[in-house]
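Descriptive structure summary
What follows is the residue order along each chain.
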Amino acid sequence: MTGHRLPRMLHPGAWWLWAAALAVAASRTTNPILLVAIVAITGYVVAARRPATPWSASYAMFLKVGLLAIVIRVALYALLGSQPGAHVIVRLPVLPLPSWMAGVRIGGPITLEGVLASSYDGLRLGVIFCCIGAANALTSPRRLLKSLPGALYEAGVAITVALAVAPQAVAAVGRLRTARRIRGRSDRGLRRIRGIAIPVLEGALERSVDLAAALDARGFGRRGATPAAVRRATAGLTLIGLLAMVASSYGLVERSAPSGLGVPLLVVGAALTAAGFALGARRGGRTRYRPDPWRWPEWLVAGTGLAAAVALCLGPASALAPSTSPLVAPGLPLLPALGLLLALLPAWVAPPLPRPRPIRPSRPAPAAQPSVVGVG
Amino acid sequence: MISFEDVTVTYPDAAWPALEHISFDVTEGELVLVIGPTGAGKSTLLKCVNGLVPHFTGGRLAGRVLVAGRDTRTSPPRELADVVGYVGQDPLAGFVTDVVEDELAYGMESLGIDPAVMRRRVEETLDLLGLFELRDRTLLSLSAGEQQRVAIGSVLAVHPAVLVLDEPTSALDPAAAEDVLAAMTRLVHDLGMTVLICEHRLERVVQYADRIALLGPEGIRTGPPADILRDSPVAPPIVDLGRLVGWSPLPLSIRDARRAAAPLRETLERHVGAPLSRTATEPVARAHGLVTSYDGVPVLRAIDLDLHPGEVLAVMGRNGAGKSTLLATMAGIRRPAAGSVTVSGRVGLVPQEPADLLWAQSVDAECADADRDAGSSAGTTRALLDDLAPGVEGGQHPRDLSEGQRLALVLAVVLAAEPAVLALDEPTRGLDYATKRRLIAILRRLAGSGHAVVVATHDVELVAEVADRMVVLADGEIVSDGPAREVAVASPVFAPQVSKVLAPLPLLTIGDVQLAMAAAQ
């Protein structure tokens, strides 16, 4: 551990682990006090450690989506749900429905209990959105792709290429609109859409052929010294492991799922994936330029997230899911609250952000300067 | 290092081979310049070296190409990536990542170069090509010249034994081109890198070449530059001057030519005609206090500019000085942040990528669309096209036309709207000398018929041939404005070759010299 910390970007994996742990924590409770605490924590950390990239604005967007989730959840429940409890707020007229739709009810009384239960539920969903938004704002998905293990390299390139298509298509549309203005073209409707869509698609196709040529000329997909059996084993282990982990997430979130589907499957899946990655890392042929290091701040950030999640899950069930029928004021369980406070630490633990370099156009270095290219 | 053994390349569905019975060798550490008229197969030849032909383009390759002892028939481009660095014509099309630094590292990552070495080489390449301050920038936000430098840097970083460059300086301003070429010659001298380069702007590269390979309909001819250029159909102005005056050996650099030209300067001194003075006319377009900005950063700062009918104005300046922005603002495509543009009539703009203006499936459909857009009678555009470039087949897809034909089609489309002002952004990129001469004749004629013509360009030879007046932009401001003759002769960067050889005489082109010589006799 060094005395002073140099500004750098934290490993994207650490932020994603931290955010994912908070999202899991949020999914385990409907206690609004704890949920609001999680939103406050993500908001504070994002404000403290958000880099100045286009991605970093995404937190506010996810926050709005979360609010929308609450509104929709409450509205649907009020209209369609069966209302428990006796505290009626308002009585809506009941929509008469044909007899074959018996059991479905639209309108009727809306109770305080119902509104509270649905808003707790909506809040939980909104907070999960918030956690994803925080991860997006703190580190761009592109950086995460760069840090993918060697076993996932080809998939990573495919996603990177796909991500690059969008800004290029936007640029192409811009150029075409300029061209249309130059030519004074003013058709509307279908002709206009055709006039823009076809050249953009043509351009995208040409661009992908060019890109394939460029990738080939730059050595993408060179035959390494890896035997085919090892390559196949890597792919097989990774794929099965990831599938197992996806399946286990269902078991973790849904309490009614068979108990074997949760934690045990997660452990097996993680083990298989790790084995696949380890095998993939051994195959030669590629190296990585300036990989993001994983040092103690990364361990701390990921660790505080996990600790918060574990502490929250250990809280008493009555406090994690406060009853709405009968109405009970939600309490503040001590252990989960203290645990969540841990997740606030990354705001100080994560290294400070590097300041952006001043942007100004440059000229090439003067030709008279001595040669700096050595035969490496 | 590279050897072509009786190579014939035939693309699928092609009537005749793109290359026929080509045999030549390039030895280690040589810089070979490939020249030839458009369509002679220069790009095909270059793509053969790293195996893109035929592995990627398809087609049939007879004979064989050996690079560093490897046969390209059995080694696809990816297996040759450690020996051959290839930079294509369009740098943007060759980019794989989206940030400068990652792009420089990509090739080395694929080759499995040790991370410590990789880190050092990226830093070296950043310095070598002057990219240090751009390292975090996205590739799409760079200017054309910066992109070209990144593209070259990204293959240089791998330290290939062979560097193949297809028109590396076409998009660059004169100063940036010199820098790139100087960096390249240093690589040749210091590292013994073998370079194969193809460039239309011979005046920029001829002096660096050890040997020239001339591709023509009758096959390939290689030899020392002075021998090949003596009767080559494509030649830079300095060689034309040498041929005209009958110098032997043919000088290829300004220095050599200036030494040979001392007697000529003396003879011509007394016979240089006084420059024509223009009669004052009412301006057809006028910009006043023009300010344009991108994202709050001003690109043009209070520009005042008049355009007169019958005048050809050249706008020069380094990459990113605001030339394209000035043209787009004059044409009403960009809104000025302050100031005004008044035009009596329309401004027709030919953008940097002329093909952007073409989106129909055939030449005929394109012409019909242009007639409808402009509201002119049917057949107007076709008639203009036949006038500019006779013999373009109506059924062809615009994409399949040659560079020159495509430019003529775009010009016809723009002229169909009967603009009073014609603005062209970098029109000579990728044009060979013959096509450029046609363009010059067209522009002169348009000016003669009362159009005002504005050309934004890096091509000093084009300016010398066609421009009456020249404006130099720097940092969004006009730093010089005057008759092209005076401005060009006064500036070492923007002077054409003939003027550099004959300075201080105000002669810019071979035509000027011919006139003066005729007067002297």
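It should be noted that the structure appears before, not after, this text.
Residues take numbers from 1 onward in each chain, read along the sequence in its written order. Starting at A for chains and at 1 for ligands, labels are handed out in the order in which the entities are written. Two thresholds apply to this predicted model, a pLDDT of at least 70 for residue-level local features and 80 or more for giving and counting side-chain atom pairs, whereas whole-chain, interface and lining totals are computed over all residues.

Before going further, it helps to examine the overall build of chain A. Strands here mean DSSP runs of E at least two residues long; helices mean DSSP runs of H or I at least four residues long; both are numbered from the N terminus. A tally of regular secondary structure across chain A gives 13 helices and two strands. Taken across its 376 residues, chain A has 30% of its residues classed as buried. What counts as a contact here is a pair of residues whose C-beta atoms, placed from the backbone, lie within 7 Å. Sequence separation of at least 24 residues holds for 82% of the intrachain contacts in chain A that already meet a minimum separation of 6. Here a residue counts as buried when 20 or more other C-beta atoms sit within 10 Å of its C-beta, as exposed when there are 12 or fewer, and as partly exposed otherwise, the C-beta atoms being derived from the backbone.

Right, let's talk about the overall build of chain B for a bit. A count of helices and strands for chain B gives 21 helices and 19 strands. Both definitions apply: the radius of gyration is a C-alpha atom measure, and the globule rule equals 2.2 Å times residues to the power 0.38. Relative to its length of 521 residues, chain B is compact, with a C-alpha radius of gyration of 24 Å against a globular reference of 24 Å. Over its C-alpha atoms, taken along the principal directions, chain B stretches across nearly 65 × 55 × 50 Å. Counting over 521 residues, chain B shows a buried share of 54%. Taking contacts inside chain B between residues at least 6 apart in sequence as the whole, the part at least 24 apart equals 69%.

What follows covers the sheet that holds strand β3 (residues 31-35) of chain B. Residues and elements named next belong to chain B. For two strands to count as paired, DSSP must find a minimum of two bridges between them. The strand order across the open sheet built from six strands is β6-β7-β8-β3-β9-β10, with neighbouring strands paired in mixed fashion. The sheet is open, and its two edges are formed by β6 (84-87) and β10 (219-223), each paired on a single side. For this sheet the average axis-to-axis angle between neighbouring strands, irrespective of direction, equals 15°. The pairing of β3 with strand β8 (residues 194-198) spans four bridges and is classified as parallel. If you follow Val 32 over to β8, its bridge partner there is Leu 196. All axes here are fitted lines through C-alpha atoms, helices being fitted over the stretch that makes contact, and every angle between N-to-C directions spans 0 to 180 degrees. Helix α6 (residues 144-156) contacts β6 and β7 (162-166) of the sheet and is inclined by roughly 170° relative to β6.

Once that is clear, we can look at the pairing of strand β17 (residues 452-456) of chain B. Residue and element names in this part refer to chain B. Among the five residues of β17, five are classified as buried, and the element is accordingly described as predominantly covered. Here β17 shows two buried faces, one formed by Ala 452, Val 454 and Ala 456 and the other by Val 453 and Val 455. Strand direction decides the pairing type here: strand β16 (residues 421-425) and β17, joined by five bridges, are parallel. The residue bridging Leu 422 from the neighbouring strand is Val 453, located in β17. A clockwise course of the path from the first strand over the helix to the second, judged with the strands pointing away from the viewer, identifies a crossover as right-handed. Note on the crossover from β16 through helix α17 (residues 433-448) to β17: the handedness is right-handed.

Each turn of an α-helix holds 3.6 residues, which means side chains three or four residues apart point in the same direction. Helix span, as expected, comes to 1.5 Å for every residue beyond the first. Here helix α4 (residues 112-138) of chain A contains 27 residues, and its C-alpha end-to-end distance of 38 Å stays within 8% of the 39 Å for a straight helix at 1.5 Å per residue. Among the 27 residues that make up α4 of chain A, 22 are buried, leaving the element largely enclosed by the rest of the structure.

Of all hydrophobic cores here, the largest spans 186 residues; its most connected members are Val 34, Leu 196, Ala 423 and Val 463 of chain B. Considering each element in turn, this core owes the most residues, nine residues, to helix α16 (residues 403-415) of chain B. Setting aside chain neighbours within four positions, we find Leu 196 of chain B in contact with Ile 2, Val 26, Val 32, Val 34, Leu 46, Val 49, Val 162 and Val 164 of chain B. The term nonpolar core refers to a set of buried Ala, Val, Leu, Ile, Met, Phe, Trp, Tyr and Cys residues connected through C-beta atoms within 7 Å. In this structure, Ile 70, Ala 78, Cys 131 and Leu 300 of chain A belong to the second largest nonpolar core, which totals 51 residues.

The subject of this paragraph is the sheet that holds strand β12 (residues 297-307) of chain B. Residues and elements named next belong to chain B. Taken in spatial order, the three strands make up an open sheet running β12-β11-β14, and their pairing is antiparallel. Of all the strands in the sheet, the pair left with one neighbour each is β12 and β14 (338-343). Averaged over neighbouring strand pairs, the angle between their axes works out to 25° when direction is ignored. Examined bridge by bridge, strand β11 (residues 285-294) and β12 share seven bridges and lie antiparallel to one another. Of the residues in β12, the one forming a bridge with Tyr 294 is Val 297.

Okay, the interface of chain A and chain B next. By a frequent convention, interface size equals the accessible area lost on bringing the separate parts together. Taken together, the 48 residues of chain A in the interface contact 65 residues of chain B. Where the side of chain A that touches chain B is concerned, the elements lending two or more residues are α6 (153-183) and α7 (189-217) of chain A. Class assignment for the residues of the side of chain A that touches chain B results in 22 nonpolar, eleven polar and 15 charged. Under the scheme applied, nonpolar residues are Ala, Val, Leu, Ile, Met, Phe, Trp, Tyr, Cys and Pro; charged residues are Asp, Glu, Lys and Arg; polar residues are all the others, including Gly.

All names here are of chain B. Most of β7 is tucked away, with five of its five residues classed as buried. Here β7 shows no split at all, with Val 162, Val 164 and Asp 166 on one side and Leu 163 and Leu 165 on the other all buried. Two strands pair when backbone bridges link them, and β6 and β7 are joined in this way by four bridges, in the parallel orientation. Pairing of Val 87 across the sheet is with Leu 165, part of β7. Examined bridge by bridge, β7 and β8 share five bridges and lie parallel to one another. Within β8, the residue paired with Leu 163 across the bridge is Val 195. In terms of handedness, the path from β7 via helix α7 (residues 174-191) over to β8 forms a crossover that is right-handed.

Function cannot be read off these values alone, since they describe shape.
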